[in-house]
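Structural characterization, general
So you can see what is in the structure, the chains are spelled out below.
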Amino acid sequence: MCGITGYIGYHEATPRLLSMLQKLEYRGYDSAGIAVLDNDEIVVRKMKGPLSVLESALANEKIPGTLGIGHTRWATHGEPSDINAHPHTDISGFIAVVHNGIIENYIKLKNYLQERGVVFRSETDTEVIAHLLNFYYRNGKNRGQNSLLDAALKTLSKLEGSYSLGIIASDFPDRLICARKDNPLIVGLGENENYIASDVPALLPYTRNIHFLNERELAVLYRDHVDLFTESGEKIIREPSSIEWDIKSAEKSGYAHFMLKEINEQDKALSDTLSPRLIKKSNESITINFDEIKLDDSWAEAKKIVITGCGTAYHAGIVGKYIFEHFARIPVEVDIASEYRYRNPLINPNDIFIVMSQSGETADTLAAMRLAKKHGAKILAITNAVGSTLSREADLILYTWAGPEIAVASTKAFTTQLMCLYLLALRLAELRKTIPDREYKRTVRLLVKIPEQARNILVNQEVIQKLASKQFNKNKVFFIGRLFDYAVSLESALKLKEISYTHSEAFAAGELKHGAIALVDKGTLVIAIATQEALFEKIISNIREVSSRGAEVMVITWEGERAFDTVAAEIITIPKTDSSLSPLLSIIPLQLFAYYCAVQKGNDPDKPRNLAKSVTVE
Ligand code: AGP
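It should be emphasised that the depicted structure is a prediction, and the values quoted were computed from it without experimental measurement.

Things to note about the sheet that holds strand β1 (residues 3–8)
With respect to topology, 8 strands assemble into an open sheet ordered β3-β2-β4-β1-β10-β9-β11-β15, the strand pairing being antiparallel. The strands lining the two open edges of the sheet, one partner per strand, are β3 (41–48) and β15 (241–242). Here 7 bridges tie strand β2 (residues 31–38) to strand β4 (residues 67–73), and the two strands are oriented antiparallel to one another. Bridging across to β4, G33 finds its partner in H71.

Here we look at the domain arrangement of the protein chain
Assigned domains within the protein chain: domain 1 (3–102 + 164–243), domain 2 (252–459) and domain 3 (460–607). For domain 2 and domain 3, the distance between their C-alpha centres works out to 24 Å. The partner domain 3 presents 35 residues to the 40 residues of domain 2 that form the contact. For the pair domain 2 and domain 3, the summed buried surface comes to about 3,200 Å²; carbon and sulfur atoms form 68% of the total. For domain 2, the biggest contributors to the area lost against domain 3 are H257, Y322 and I457; these three give 20% of the whole. Counting across the domain 2 and domain 3 interface gives 1 salt bridge. Joining domain 2 to domain 3, the criterion identifies 17 residue pairs in polar contact (both at pLDDT 80 or more). Those elements that provide at least two residues to the side of domain 2 that touches domain 3 are α7 (258–264), α8 (266–274), α10 (311–328), α14 (412–432) and α15 (437–459). With 11 residues, α15 is the largest single contributor of residues to the side of domain 2 that touches domain 3.

Quick word on the side chain of S586
When you line up the elements, S586 lands in helix α19 (residues 583–600). Once residues within four sequence positions are removed from consideration, S586 is found in contact with V488, I529, T531, I556 and I574.

Remarks on a positive patch on the surface
On the surface, a cluster of positive charge is made up of K108, K141, K154 and K158. On the secondary structure map, K158 appears in helix α5 (residues 147–158).

What to know about the packing of helix α17 (residues 484–500) against α19
Here α17 crosses α19 at 20°, and the two axes come no closer than 9 Å. One finds that α17 runs roughly parallel with respect to α19. The handedness of the crossing between α17 and α19 comes out as right-handed. For the pair formed by α17 and α19, the contact residues are F484, V488, E491, S492, K495, L496, I499 and S500 on the first element and P583, S586, I587, L590, F593, A594, Y595, C597 and A598 on the second. Among the residues making up the contact of α17 with α19, the classes are represented as 12 nonpolar, 3 polar and 2 charged.

Regarding the sheet that holds strand β6 (residues 95–100)
One open sheet holds the 7 strands; their spatial order is β5-β6-β7-β8-β12-β13-β14, and the pairing between them is antiparallel. The open sheet has two edge strands, β5 (88–89) and β14 (235–236), and neither has a second partner. Across 5 bridges, the pairing between strand β7 (residues 163–169) and strand β8 (residues 176–181) is antiparallel. Looking at β8, one finds that I167 is bridged to I177. Contacts between helix α4 (residues 127–139) and the sheet are confined to β5, β6 and β7, with β6 contributing the most and set at about 140° to the helix. Contacts from α5 reach β6, β7, β8, β12 (217–221) and β13 (226–230), with the element oriented near 155° to β12.

Cut-offs and rules
Residues numbered from 1 in each chain as written. Predicted model: local features only at pLDDT ≥ 70, side-chain atom pairs only at ≥ 80, totals over all residues. Heavy atoms only, no water. Pairing = 2+ DSSP bridges. Helix = DSSP H or I, 4+ residues; strand = E, 2+ residues; numbered from the N terminus. Domains from an automatic or database assignment. Contact = heavy atoms within 4.5 Å. Buried area = accessible area lost by both parts, 1.4 Å probe. Salt bridge = Lys/Arg side-chain N within 4 Å of Asp/Glu carboxyl O. Polar contact = N/O pair within 3.5 Å; in protein donor to acceptor, adjacent residues only side chain to side chain. Patch = residues over 30% accessible without salt bridge, like charges linked within 9 Å, V, L, I, M, F, W, Y side chains within 5 Å. Areas by Shrake-Rupley, 256 points an atom, 1.4 Å probe, with all protein chains shown as cover. Lys, Arg positive; Asp, Glu negative; His and termini not counted. Charge placed at Lys NZ, Arg CZ, Asp CG, Glu CD. Axes fitted to C-alpha atoms, helices over the stretch in contact; angles between N-to-C directions. Parallel < 35°, antiparallel > 145°, perpendicular 65-115°, else oblique. Left-handed = near helix turned anticlockwise from the far one by under 90°. Nonpolar A, V, L, I, M, F, W, Y, C, P; charged D, E, K, R; others polar.

Written as structure tokens, this is what we have:
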């Protein structure tokens, strides 16, 4: 996954390309580059390392050109290096290209071009695109105004795999071409200037008028207008969309890291996701309003729910299983999206198919959705990204109103995904008549309290910061829990792994004795999530099992709960709610714990090694 930017206007392109790249660095940060058309010549500057390396190198260089493209890379083909960094050009330097995605048939295309004398410089798949464009441009019959577009259309017809592309050419100082397939790309419309970017936050300082490119669409950007085309060259007429996001929400606003900001925004994000879906008749009577998606009788009659997603979204799905089975008494299968299409799944069109994805652009998740759709399944998407591929291909959409999530580690997207699942499960329970009215009303009232309870955890975060400063150097951290707490353990272990690089695992507490307990020794930190009152005795036994083998134990439980006083070295408490709603709160201290451990270790939690925010490759 990579970030793409592009600018055409009357201002210098370089500062704009760089400032937009800063907003996209979460998409990849092993190298960065720009190409700017300056006096009929394309000037390329690209370097290994984070964007700051390129920025320093460009600090004393003036490139006055007003047309350019930029890129921040997450390497797939070829190690991070100056040569492999984008943009890539043809040998004459006539055409420059930035690319996000993978060209699967690049070896075949490379051989074809090499046989015709083309010399390659990098190990990337992208370089074939620059050479192919040049090849079709030079050999094209049309030498007129459309010759670059024709060469682009011909090139795209030869590419297999996924791409979003930005293209400039030295013979065409008045245009920038871009295209997309299976990777996001957005066109921003300004006044006498236009932009391209992989994601909305990059465009917010300049414009809120946006064209989301659809699959296999191209755009030709001029200074004063933009033309949209299909990949078969037909012109498309479409009104732009307007983006409502607040610019502040895409900036750090004084927090040390985006991740910390996003953790701290969870009370608001939860409230924004919940409130529009409630109808309040009185304090006693609040009901769920799902006008945005019509749940017809087929929902009440469905025999099964299938939930799929990757990483954190998959973990939200596991919580979802417990939620739906608890409230709506319907069986749920949770599938890892990256496995789904390889195991010949049984897809019944009458099942409810829920696809979870913060970005709405995860390649594996989209592939799972497309397979289910092909077999007739009706797709309900839960996503945070308006205009994303998922939101455009799903039949029904529930948005998590979390605002932009920039940090690689997902936090507020997770809790708001859970909130959507709770609302959906309660509504479904109502339709299926599996919940008594009193219980329904009580649960909705408890949900209403969650945002404020989340805030109470956040205002006391020094406690967790202190614990992290004591524990950050542990080599092994195990999270244990039962039922809902097990699902939260999985997500907590992922958070700690991805940003603090600590070996951490999650276990269903009752499973320890079937093998994993052999790993426990002095120096192991075991974090027990204990919010299921009915199972307190069980988890206390599990805590005793690990502490008698030398582990240090930290417990997450309810405020005022004394059951763990004598068995745990440290206790973190969260405000009391029903055990069935606990994941909405119990994950928050553990997100903070992971964040503070990462900071203590000197890691950058926003840009963990080897990871990128949205994984648009298989
Ligand atoms: C979360 O912290 C991870 N960075 C990752 O697991 C993420 O949740 C996963 O890649 C899925 O992303 P999506 O929600 O955008 O589809």
